[in-house]
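These are the residues of each chain, in order.
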Amino acid sequence: MYIFFSILIVIASLLLVGAVLIQKSKGGGLASNYASGNQYMGYRKTTDFIEKATWTLAIVICVLSICSSFAVKTPVNVSSIKQAPAQTTAPAPAPAQQAPAK
């Protein structure tokens, strides 16, 4: 499920990048090419559509990110270090004497 959300987030991100690149910095963008009055989608409607698409894609990315955080499996807190069984301590053996050199 997490992978599915990740793929959707990547697709929405690419669409968002495209929507932002279509816009012009001062609000012209793609709408400036369709400035004639007899267009089906006029200047103002194109700007509104791209702005709504930008906000919608941003919200979709946020919602999918939150949903993907719930889809991640929680790790089990098991230590990989095994505890050694309790041992009684015996006194250290006396050091062995070395044989004299010949």
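Residues numbered from 1 in each chain as written. Predicted model: local features only at pLDDT ≥ 70, side-chain atom pairs only at ≥ 80, totals over all residues. Heavy atoms only, no water.

K.L.:
Would you mind showing me how to read the overall build of the chain here?
P.N.:
Helix and strand counts for the chain stand at two helices and zero strands. Within the chain, the fraction of its 102 residues that count as buried is 17%. Partitioning the intrachain contacts of the chain with sequence separation of at least 6 by distance along the chain shows that 64% fall at a separation of at least 24. Entry remark: accessible area of the chain is about 9,200 Å², with carbon and sulfur atoms responsible for 66%. (Helix = DSSP H or I, 4+ residues; strand = E, 2+ residues; numbered from the N terminus. Buried < 20%, exposed > 50% of the residue type's maximum accessible area, 1.4 Å probe, protein only. Contact = heavy atoms within 4.5 Å. Areas by Shrake-Rupley, 256 points an atom, 1.4 Å probe, with all protein chains shown as cover.)

K.L.:
Sorry, what's going on with a nonpolar patch on the surface here?
P.N.:
A grouping of Met1, Tyr2, Ile3, Phe4, Ile7, Leu8, Ile11, Leu15 and Val72 is seen on the molecular surface, where their side chains present a nonpolar patch of about 910 Å² in accessible area. Topologically, isoleucine 11 is positioned in helix H1 (residues 2-22). You can call isoleucine 11 partly exposed: its relative accessible area is 45%. (Patch = residues over 30% accessible without salt bridge, like charges linked within 9 Å, V, L, I, M, F, W, Y side chains within 5 Å. Salt bridge = Lys/Arg side-chain N within 4 Å of Asp/Glu carboxyl O.)

K.L.:
Would you mind going over the side chain of serine 68 with me for this structure?
P.N.:
By the secondary structure assignment, serine 68 is in helix H2 (residues 43-71). Within the local environment of serine 68, its side chain forms a polar contact with the backbone oxygen of serine 65, the two atoms lying 2.8 Å apart. When sequence neighbours within four positions are dropped, the list of residues in contact with serine 68 reads Tyr2, Phe5 and Ile9. (Polar contact = N/O pair within 3.5 Å; in protein donor to acceptor, adjacent residues only side chain to side chain.)

K.L.:
Looking at this structure, how should I read the environment of valine 20?
P.N.:
Position of valine 20 relative to the elements: it lies in helix H1. Residue class for valine 20 comes out partly exposed when judged on its relative accessible area of 44%. Each C-alpha atom, one on valine 20 and one on threonine 54, is 7.0 Å from the other, the two residues being 34 residues apart in sequence.

K.L.:
I tried to follow the packing of aromatic side chains on my own but got confused; where do I start?
P.N.:
Pairs of aromatic rings are described using the distance from one ring centre to the other and the angle between the two planes. Inspection of the entire model under this criterion finds one aromatic pair. Considering the side-chain rings of phenylalanine 4 and phenylalanine 5, the 6.2 Å spacing of their centres and the 50 degrees angle between planes classify their relative orientation as tilted. A relative accessible area of 12% places phenylalanine 5 in the buried class. (Phe/Tyr/Trp six-rings, centres within 6.5 Å; stacked < 30°, edge-to-face > 60°.)

K.L.:
Explanation requested: H1 in the structure shown.
P.N.:
Helical geometry note: an α-helix holds 3.6 residues per turn, so side chains three or four residues apart project in the same direction. Between its terminal C-alpha atoms H1 stretches 30 Å, which fits the 30 Å expected from 21 residues at 1.5 Å a residue. Within H1, the full set of buried residues consists of Phe5, Ile9, Ala12, Leu16 and Ala19. Along the axis of H1, the buried positions cluster into a sector of 85 degrees, meaning they face one direction only. Along H1, exposed side chains directed more than 90 degrees from the buried face belong to Ile3, Leu14 and Leu21. (Expected span 1.5 Å × (residues − 1). Arc of directions from axis to C-beta.)

K.L.:
Could you clarify how one ought to interpret the nonpolar core in this entry?
P.N.:
Within soluble globular proteins, side chains that are nonpolar generally end up buried alongside one another. Core analysis: the biggest nonpolar cluster contains seven residues, these being Phe5, Ile9, Ala12, Leu16, Leu57, Ile61 and Leu64. Looking at this core, the elements that each hand over two or more residues are H1 and H2. The element best represented in this core is H1, accounting for four residues. Setting aside residues up to four positions removed in sequence, leucine 16 forms contacts with Thr54, Leu57, Ala58 and Ile61. (Core = buried A, V, L, I, M, F, W, Y, C linked by side-chain atoms within 4.5 Å.)

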